[in-house]
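Structural description and commentary
Now for the letters of each chain:
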Amino acid sequence: MGTNHTEMLTHYRDFYKKQLLQDTVPFWFPRAIDEEHGGYLLMRDADGSLLDDDKAVWIQARAAWLLATLYNTVEQKPEWLAGAKKGIDFLRQHCFDEDGRMFFHMTREGKPIRKRRYFFSETFAVIAFAAYAKASGDAEIAEEARRLFGKCLEYATTPGLLEPKFTGVRPAKGIGVPMIMINTAQQLRDTIGDGRCDAWIAKWIAEIERDFVKDDIRCVMEQVAPDGSLIDHFDGRTLNPGHAIEGAWFILHEAKYRNNDPHLIDLGCRILDYMWERGWDKEHGGILYFRDVHGKPVQEYWHDMKFWWPQNEAIIATLLAYLMTGKQKYADWHRQVHDYAYSHFHDKEHGEWFGYLHRDGRQSSTIKGNLFKGPFHLPRQEWYCWQALATFEDR
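Below is a short write-up of the structure. Source: prediction; values computed, not measured. Sequence order as written defines residue numbering, which begins from 1 separately in each chain. Given that the model is predicted, a residue must reach a pLDDT of at least 70 before its local features are reported, and side-chain atom pairs must reach 80 or more before they are shown or counted; all residues, however, enter totals for whole chains, interfaces and linings. Side-chain calculation: all heavy atoms of the structure are included, whereas hydrogens and water are not.

1. Quick word on the overall build of the chain
Convention followed: Secondary structure follows DSSP: runs of H or I at least 4 residues long count as helices, runs of E at least 2 residues long count as strands, and numbering of each begins at the N terminus. Atoms counted for the radius of gyration: C-alpha only. Globule rule: 2.2 Å times the number of residues to the power 0.38. Remark: exposure states derive from per-residue accessible area (1.4 Å probe, protein chains only) relative to the maximum for the residue type, with buried under 20%, exposed over 50%, and partly exposed in between. Only heavy atoms enter the contact rule, under which two residues are in contact if any of them lie within 4.5 Å. To be clear on the numbers: accessible area is Shrake-Rupley with a 1.4 Å probe, and residue cover counts the displayed protein chains and nothing else.
When helices and strands are counted, the chain shows 13 helices and 13 strands. Over its C-alpha trace the chain gives a radius of gyration of 20 Å, about what one expects of a compact globule, namely 21 Å for 395 residues. Here the C-alpha coordinates of the chain stretch approximately 55 × 50 × 45 Å along the principal axes. Within the chain, buried positions represent 57% of all 395 residues. A separation threshold of at least 6 residues defines the contact pool for the chain, and within that pool the share at least 24 residues apart is 66%. For the chain, the accessible area works out to roughly 16300 Å², and carbon and sulfur atoms hold 49% of it.

Here is the structure:
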């Protein structure tokens, strides 16, 4: 962003706004809304044609969150509120099992196909319900969001509650639970409020700093032993730079909420620094998917591919780090990842992004939507960066 600070910030602000509202969101809506069965049909090819009519619960909730969030923060368009309701109704009517837990994978009509042992469907439902409750003023759904958040707290703090029953000889914990719970609590707090959020966010950030951030080797672990020590096996050594970088911006967001808390700014920037060093592909550009903490081979064969979402998280994290510290290296990193991502992933003909590239930037697939990719990481990035830049310029 170097020479002309204000001009470049304005350029990025306008770019993200335009991409979001004129390119990304129109690719998905209204075509993805299932008027017959509710929810969304999101498994799409490059041109938007439908590849599969199954419904992933994660993405159903994330799409509802997006539409409600746009209604809350951008413009109160009736079609955004009505579209969000389609997803909320589908989640409430079909996606909960008799034991109160949520499914992972549904048929178009809402019949369950699969349920996972983790509770990320629930976390995405919390943020969807909370955003929709704010948009609609529906007190019942607001209470449902808070109740479901309480269930997530129970799942997160009861060891083994959702694990299969077997004799484990190598216990481990992942960074995913504290990370996703930080963001879930932030979204809940920012929309309808919940008195439990601040204290829990502080606990999860402290856990990440204590157990996963390794300053001595400049690394953030994806998985550690219960005491925070490294596990010298394939899974224990595997790093996911994009995931840790996502955690970095959650922490920077919290720093901003807490009046630019200097410790949290330092922590978020350390996480970003360590994982940029390990994740940025110096030869071809872009964030690599997996790395080994000791530089050994990684067992997953897609380890050197470029997936869409780590680039989205790096775009947010580098921008936020720059806005909060003013350090030129973060401006340079933001430009690097922004330029790489929009020149390689963006589909200039049909809009939105392709999901998967080979390491050298060649397209691996034309797919735009599947069980994991849908209207979330990219539109969230464009929305968040636009809002952050607009707020920054207002000061």
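2. Focus: the state of the cysteines
The test is simple: Here, the term disulfide refers to a pair of cysteine sulfur atoms separated by no more than 2.5 Å.
All told, the structure shown has 0 disulfides when counted by the stated rule. Unpaired in terms of disulfides, C152 finds its nearest cysteine sulfur in C197, a separation of 11 Å. The class of C152 is buried, set by a relative accessible area of 0%. Looking at the unpaired C269, the closest cysteine sulfur is the one in C385, lying at 15 Å.

3. Overview of the sheet that holds strand β3 (residues 55-56)
The strands that make up a sheet pair up through hydrogen bonds in the backbone, lying either parallel or antiparallel. The following threshold applies: Two strands pair if DSSP finds at least two bridges between them.
As summarised here, the arrangement of the 3 strands in space is β3-β4-β5, forming an open sheet in which the pairing is antiparallel. Sheet topology places β3 and β5 (112-114) at the edges, where each strand pairs with a single neighbour. Pairing between strand β4 (residues 105-106) and β5: 2 bridges, direction antiparallel. Residue pairing across strands places H105 opposite R114, the latter belonging to β5.

4. Notes on helix α6 (residues 176-191)
Here is the rule we go by: In a helix, the anticipated span is given by 1.5 Å times the number of residues less one.
Over its 16 residues, α6 runs 23 Å from end to end, which matches the ideal 22 Å to within 8%, given 1.5 Å per residue. Most of α6 sits out of view: 13 of its 16 residues are buried.

5. Some details on helix α2 (residues 57-73)
With 17 residues, α2 ought to run about 24 Å at 1.5 Å a step, and its terminal C-alpha atoms sit 24 Å apart, in line with that. The buried count for α2 comes to 15 of 17 residues, which makes it a mostly enclosed element.

6. Things to note about the packing of aromatic side chains
We count it as follows: Side-chain rings of Phe, Tyr and Trp, where Trp is taken by its six-membered ring, are said to pair if the distance between their centres is within 6.5 Å; with planes under 30 degrees apart they count as stacked, over 60 as edge-to-face, and otherwise as tilted. Only when the NZ of Lys or the CZ of Arg is both within 6 Å of the ring centre and within 35 degrees of the ring normal is a charge said to sit over the ring.
Counted by the stated rule, this structure contains 36 aromatic pairs. Ring geometry for Y301 versus W302: centroids 4.9 Å apart, planes at 85 degrees, classification edge-to-face. Over the ring of Y257 we find R189; its NZ or CZ atom is 3.5 Å from the centre of that ring.

7. Some points on the pattern of salt bridges
This is how the line gets drawn: Between Lys or Arg on one side and Asp or Glu on the other, a salt bridge is scored when a side-chain nitrogen of the former is within 4 Å of a carboxyl oxygen of the latter.
Scanning the entire structure with this criterion turns up 35 salt bridges. For D211, the salt bridge is made with R210, and the minimal N-O distance between the two is 3.1 Å. On the basis of relative accessibility, which here comes to 4%, the residue D211 falls in the buried class. With a relative accessible area of 55%, R210 lands in the exposed category. For R218, the salt bridge identified is with E277, shortest N-O distance 2.6 Å. With a gap of 59 residues between them, R218 in the loop between β7 (213-214) and β8 (219-220) and E277 in helix α10 (residues 262-279) connect regions that are remote in the sequence. A single salt-bridge network, built from bridges that share partners, covers R189, D190, D198, E254 and R258.

8. Describing the environment of K327
Positionally, K327 belongs in the loop between α11 (308-325) and α12 (328-344). Judged by relative accessible area, K327 falls into the partly exposed class, the value being 47%. Considered as a pair, K327 and R291 are 36 residues apart in the sequence and their alpha carbons are 27 Å apart.

9. Regarding unusual backbone geometry
Of note, the amide linkage connecting F29 to P30 takes the cis form, showing an omega dihedral of 10 degrees. Among the secondary structure elements, P30 is positioned in the loop between α1 (5-28) and β1 (43-44). Notably, N260 is not glycine yet its phi reads approximately 60 degrees, a positive angle. Following the sequence through the fold, N260 ends up in the loop between α9 (241-257) and α10.

10. Concerning the environment of D281
The following threshold applies: Counted as a polar contact is a pair of N or O atoms within 3.5 Å, where, for protein atoms, one must be capable of donating a hydrogen and the other of accepting one, and residues adjacent in sequence contribute only when both atoms are in side chains.
Position of D281 relative to the elements: it lies in the loop between α10 and β11 (291-292). We classify D281 as buried; its relative accessible area is 2%. In sequence terms D281 and A68 are 213 residues apart; their C-alpha atoms lie 36 Å from each other. Within the local environment of D281, its side chain forms a polar contact with the side chain of K306, the two groups lying 3.0 Å apart.

Any link to function would need more than the numbers given here.
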